[in-house]
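Read off the chains here:
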Amino acid sequence: MERFTESARRVSVVALQEARGLNHTSIGTGHLLLGLIGEGGAAAAVLASVGLSLPACRARVLEVHGRGGPTAPGHLPFTAGAKRALAAAVRESLALGHRQVVTEHLLLGVLATDGVGALDVLARCGVDATDVRDRAFAALAGIDLSAPRAARLFLSYRRPQDLHLAGRIADRLDDFGRSVVGDVGECDVLLAVVGPDWAPTELMRAEVARAARRSVPVIPVLVDGAVLPVDQLPVTGHVADHVTVRHETFRADVARLADVVRYAQPGIG
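Residues numbered from 1 in each chain as written. Predicted model: local features only at pLDDT ≥ 70, side-chain atom pairs only at ≥ 80, totals over all residues. Heavy atoms only, no water.

Turning next to the environment of Leu96. Within the element layout of this structure, Leu96 appears in the loop between α5 (80-95) and α6 (103-111). Exposure remark for Leu96: the relative accessible area of 37% places this residue in the partly exposed category. Residues Leu96 and Phe137, 41 residues apart in the sequence, show an inter-C-alpha distance of 9.9 Å. When near neighbours in sequence (up to four residues on either side) are disregarded, Leu96 contacts His105, Phe137 and Leu140. (Helix = DSSP H or I, 4+ residues; strand = E, 2+ residues; numbered from the N terminus. Buried < 20%, exposed > 50% of the residue type's maximum accessible area, 1.4 Å probe, protein only. Contact = heavy atoms within 4.5 Å.)

Counting across every chain of the model gives 0 aromatic pairs. The ring of Phe250 carries the charged tip of Arg168 above its face, separated from the ring centre by 3.8 Å. (Phe/Tyr/Trp six-rings, centres within 6.5 Å; stacked < 30°, edge-to-face > 60°. Lys NZ or Arg CZ within 6 Å of the ring centre and 35° of its normal.)

Right, let's get into the pairing of strand β4 (residues 218-223). Most of β4 is tucked away, with 6 of its 6 residues classed as buried. Because side chains alternate across β4, one face comprises the buried residues Val218, Pro220 and Leu222, and the other comprises Ile219, Val221 and Val223, equally buried. Bridge count for strand β3 (residues 189-194) against β4 is 5 bridges, and the pairing is parallel. Its bridge partner being in β4, Ala192 is matched across the sheet by Pro220. Between β3 and its parallel partner β4, the chain crosses via helix α10 (residues 202-213), and the hand of that crossover is right-handed. Two elements, β4 and strand β5 (residues 243-245), share 3 bridges in a ladder whose sense is parallel. Bridge pairing in β5 places Val221 opposite Val243. (Pairing = 2+ DSSP bridges. Right-handed = clockwise from strand over helix to strand, strands pointing away.)

Our focus in this paragraph is the environment of Gly40. Summarising the element assignment, Gly40 is placed in the loop between α2 (29-39) and α3 (42-49). Along the primary structure Gly40 and Thr103 are separated by 63 residues, whereas in three dimensions their C-alpha atoms are 9.7 Å apart.

Viewed as axis vectors pointing N to C, α3 and α6 meet at an angle of 55°, and their least axial separation amounts to 7 Å. When the axes of α3 and α6 are compared, the pair comes out oblique. Counted together, Ala42, Ala43, Val46 and Leu47 of α3 and Thr103, Glu104 and Leu107 of α6 form the full contact between these two elements. In terms of residue class, the contact of α3 with α6 is built from 5 nonpolar, 1 polar and 1 charged. (Axes fitted to C-alpha atoms, helices over the stretch in contact; angles between N-to-C directions. Parallel < 35°, antiparallel > 145°, perpendicular 65-115°, else oblique. Nonpolar A, V, L, I, M, F, W, Y, C, P; charged D, E, K, R; others polar.)

With the rule as written, the count across this model stands at 0 disulfides. In this structure Cys57 is a free cysteine whose sulfur lies 4.3 Å from that of Cys125, the closest cysteine sulfur available. (Disulfide = S-S within 2.5 Å.)

In this structure, Asn23 takes a positive phi of about 60° despite not being glycine. Examined against the element boundaries, Asn23 turns out to sit in the loop between α1 (6-21) and α2. Even without being glycine, Asp224 reaches a positive phi, approximately 55°. Summarising the element assignment, Asp224 is placed in the loop between β4 and β5. Judged by relative accessible area, which is 40%, Asp224 ranks as partly exposed.

We now examine the pattern of salt bridges. Counted by the stated rule, this structure contains 10 salt bridges. In this structure, Glu63 and Arg60 form a salt bridge, with 3.1 Å as the shortest nitrogen-oxygen distance. Here Arg60 and Glu63 lie together in helix α4 (residues 54-65), a separation of 3 residues that amounts to about one turn. Classification of Glu63 as partly exposed rests on a relative accessible area of 30%. For the salt bridge of Asp120 with Arg124, the shortest nitrogen-to-oxygen distance reads 3.4 Å. Here the residue Asp120 and the residue Arg124 both occupy positions in helix α7 (residues 118-124), the gap between them amounting to 4 residues, near one helical turn. A relative accessible area of 30% places Arg124 in the partly exposed class. Through salt bridges with shared partners, one network takes in Arg60, Glu63, Asp120, Arg124 and Arg251. (Salt bridge = Lys/Arg side-chain N within 4 Å of Asp/Glu carboxyl O.)

Another aspect to go through is the sheet that holds β4. Strand order in the open sheet formed by 5 strands is β2-β1-β3-β4-β5, with parallel pairing between adjacent strands. Two strands close off the open sheet at either side, each with one partner strand: β2 (179-180) and β5. Pairing analysis gives 4 bridges linking strand β1 (residues 152-156) to β3, with the strands arranged parallel. Each residue of the ladder has a partner; that of Leu153, found in β3, is Val189. With respect to the sheet, α10 is in contact with β1, β3 and β4, its orientation differing from that of β3 by roughly 155°.

Right, dumping it as structure tokens:
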């Protein structure tokens, strides 16, 4: 790793720490992805631009690989995939005529590696690997490829028992880079959580009306088998598509909700 800059070498150190924290016995491409984020350099900025956070990626790595048992002290070996990623990073650097391997080259190397690992983690986070690759090349070329601002969402719900489900939806949306705010006056999209036998409260009507005055789209989120109550929704003139969220397909349904948010507010991620 003589060609690697200090920052690029630091990625391996952070990756080792992440692998140990998950009780894993080797360092794979998923751990290298965590190392790239945790190192905090240029590649971390690229990954942050598509909404990736260290806690979200760590959770997805844990989903892919599970948590291991106690590991022996000392250095952990790289997996075959991680070794290919390191070699690919060197090739990317040479192909671009660069004398050293920086974190962006290492990110490109990770993205070029097949198999279960970093690419699976990115997919589970709802991130397009091709987009990340384009952004890494742009960063190497000094091009500012700023991502659209993450959509700010407000969740409106009627029943106290909907609070837990609304919290789960908010946590999952955060994994897709969609932040939830506590004031309807700050949001880009309002999500109206609709359960069975739903009818809007005065508070919900006020929230939707406030969103309407700002031309904020309203997306009904149907839960617990609810149907779309078209006649019950307060009139805003800007009610977007609805999304059904079921417990058994929660992850996929919230992923679709994140996509509907994107289409409801063009120009906002």
